[in-house]
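What follows is the residue order along each chain.
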Amino acid sequence: MRERDDPEVIGRRVQRLRNQRGLTQRQLAEPAYTPAYISTLEAGRVRASDEALRHIADRLGVAFEELAVGRPAHLATDLRLRLTEAQRVLADGRAEEAAAQYAVLRAEAEAHALGCEHAAALLGLGECALETGQLTAAREYFEQAEERLADKTLPVRVPALRGRAVAHYLAGELRYAVYLLETALDELNRGGLHDPDALLLLYASIIGPYMDMGAHARAAQAAELALALAPQAGDPALVARMHRSVARTLLAEGRAAEADASLAKAAELYRRLSLRTELANCHWMRGYVCAQNGELERAEDELRQAYAMLSQTRAALYRSQAAVELADVLHRRGKSGEAAELLEGVLGDFSSERGAVHAAGAHRLLGIIAEDARDTEAAEEHYVRALSLLERAGAAGDLADLCRLLGDLFRRTGRVEAALDAYRTGLGHRTAPGTTTLGPAPAQPPL
């Protein structure tokens, strides 16, 4: 409980409550105290003891806490119930509605100095901002939540830290996102803080940045550790998220059937939990799995479903990322016109600070479509834009592939030296992917 209010504030509160109940100072004081004492207390000239305040609270029919700090009885419980409702609204894909609820809860928790509830509301606002693609706001909310939880143990702070890392990741700052997540993992594991939920959340979140950086070995190891932790985790939403992330590494290892099975498990959990955005992301990843496995018709169906679901939930950034994956499948199915139209429609949702890797993917695909149409000038422009975005993000694997495309374009148009420079750049990013840009791997949990 926060420190009690000063005597003048408590005195005015006692007087107000006494008058509301129609009690005299004598009736409030007896049998333990005198009317003069109550008069002095209401005037703010004496600091009442806890014993005196408990007597007065009992006579007034209020909780001691309400009298001492002005906090209504059961407020904390009520706030927690409403936080759960806001979480359910967010899980149902109504991020803007959830954000409005979290904003009210944040204000109430702050006004009554309820630190944990205040932090929970900030976390909720951060998740809403991630959902709607407001990455700067999301990062600020998560930072404020971390500040509120500064005196708590690391496992308690992990959701806020993870949220901040995801905001940096979606902004294209892959290296810093990995640094934040690895640092937390190392501290948890070396310190013996074996919290399955916290570890699972961190391992599931780090797979995406690892994959985009070309650090496939670390992504695979993170996936294996996440799978080992899953039976110990108490949060089914975390288990579902883990299955979705692990599917990426299974796919990278050529284990398409296992990846699809992992995603099916995640989808079933999300159906039960009504987490519509995460369910949409499962359809997205299953579409990606099918595309990599050559099942283009099924891939298109899954990605269209993901795109439609994300459009309904107004998850703008995720919707635009799914659109890039869908456009790739449409192009491979000979629907290049529809693919280009889809990409042009979502490019405005991206920037170098917001979804940089998928923005580069959109420019890369538009470049390929332009090359197919014999428009080499437009193709080069899109490739160069994609190259700039990927270099900033540090997405090594994608960068190497793009350098090959750009080099081939230069070679076909007679610019041999420029082609050689592009190939050399790509080869540099192919050297030991994931080992030249990352420090030592974090300590492993004692599984």
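Definitions and cut-offs
- Residues numbered from 1 in each chain as written.
- Predicted model: local features only at pLDDT ≥ 70, side-chain atom pairs only at ≥ 80, totals over all residues.
- Heavy atoms only, no water.
- Helix = DSSP H or I, 4+ residues; strand = E, 2+ residues; numbered from the N terminus.
- Rg over C-alpha atoms; globule rule 2.2 N^0.38 Å.
- Buried < 20%, exposed > 50% of the residue type's maximum accessible area, 1.4 Å probe, protein only.
- Contact = heavy atoms within 4.5 Å.
- UniProt positions renumbered as here; feature names shortened; annotations may be inferred.
- Phe/Tyr/Trp six-rings, centres within 6.5 Å; stacked < 30°, edge-to-face > 60°.
- Lys NZ or Arg CZ within 6 Å of the ring centre and 35° of its normal.
- Polar contact = N/O pair within 3.5 Å; in protein donor to acceptor, adjacent residues only side chain to side chain.

Enquirer: Help me understand the overall build of the chain, please; the structure alone is not making it clear to me.
Expert: Tallying secondary structure elements over the chain gives 23 helices and zero strands in all. The C-alpha radius of gyration computed for the chain amounts to 28 Å, which surpasses the reference 22 Å derived for 447 residues by more than 25%, pointing to a less compact arrangement than a globule. By principal-axis analysis of the C-alpha atoms, the chain measures approximately 100 × 45 × 40 Å. Counting over 447 residues, the chain shows a buried share of 53%. At a minimum sequence separation of 6, the contacts of the chain that also span at least 24 residues come to 62%.

Enquirer: Is there a simple way to explain the UniProt feature "domain: HTH cro/C1-type" (unreviewed entry) in the chain in this structure?
Expert: The UniProt entry lists residues 14-67 under the feature "domain: HTH cro/C1-type" (unreviewed entry), expressed in the numbering used here. Along residues 14-67 one finds 65% helix and 0% strand; the C-alpha atoms at either end are 7 Å apart.

Enquirer: I tried to follow unusual backbone geometry on my own but got confused; where do I start?
Expert: Most peptide bonds take the trans configuration, and most residues that are not glycine carry a negative phi. Cis rather than trans, the peptide bond between Glu30 and Pro31 has omega equal to 5 degrees. The residue Arg374 is not glycine, and still its phi comes out positive at about 65 degrees. Examined against the element boundaries, Arg374 turns out to sit in the loop between helix H20 (356-372) and helix H21 (376-393).

Enquirer: Just checking my understanding: could you explain the packing of aromatic side chains for this structure?
Expert: One pair of aromatic rings is described through two measures. These are the centre distance and the angle between the planes. A complete count under the given rule lists two aromatic pairs for this structure. Look at Tyr176 and Tyr179: their rings are 5.9 Å apart centre to centre, the planes differ by 25 degrees, and that puts the pair in the stacked class. One end of the pair, Tyr176, and the other, Tyr179, are both in helix H11 (residues 174-190), three residues apart, so they sit about a helical turn from each other. For Tyr179, a relative accessible area of 48% puts it in the partly exposed group. Taking the ring centre of Phe64 as reference, the NZ or CZ of Arg54 above it sits at 4.0 Å.

Enquirer: So what exactly am I meant to see when it comes to the side chain of His168 here?
Expert: Among the secondary structure elements, His168 is positioned in helix H10 (residues 154-170). What makes His168 buried here is its relative accessible area of 8%. Looking at His168, its side chain comes within polar contact range of the side chain of Glu173, at 2.4 Å. Apart from the residues lying within four places of it in its own chain, the contact partners of His168 are Arg139, Glu173, Tyr176, Ala177 and Leu180.

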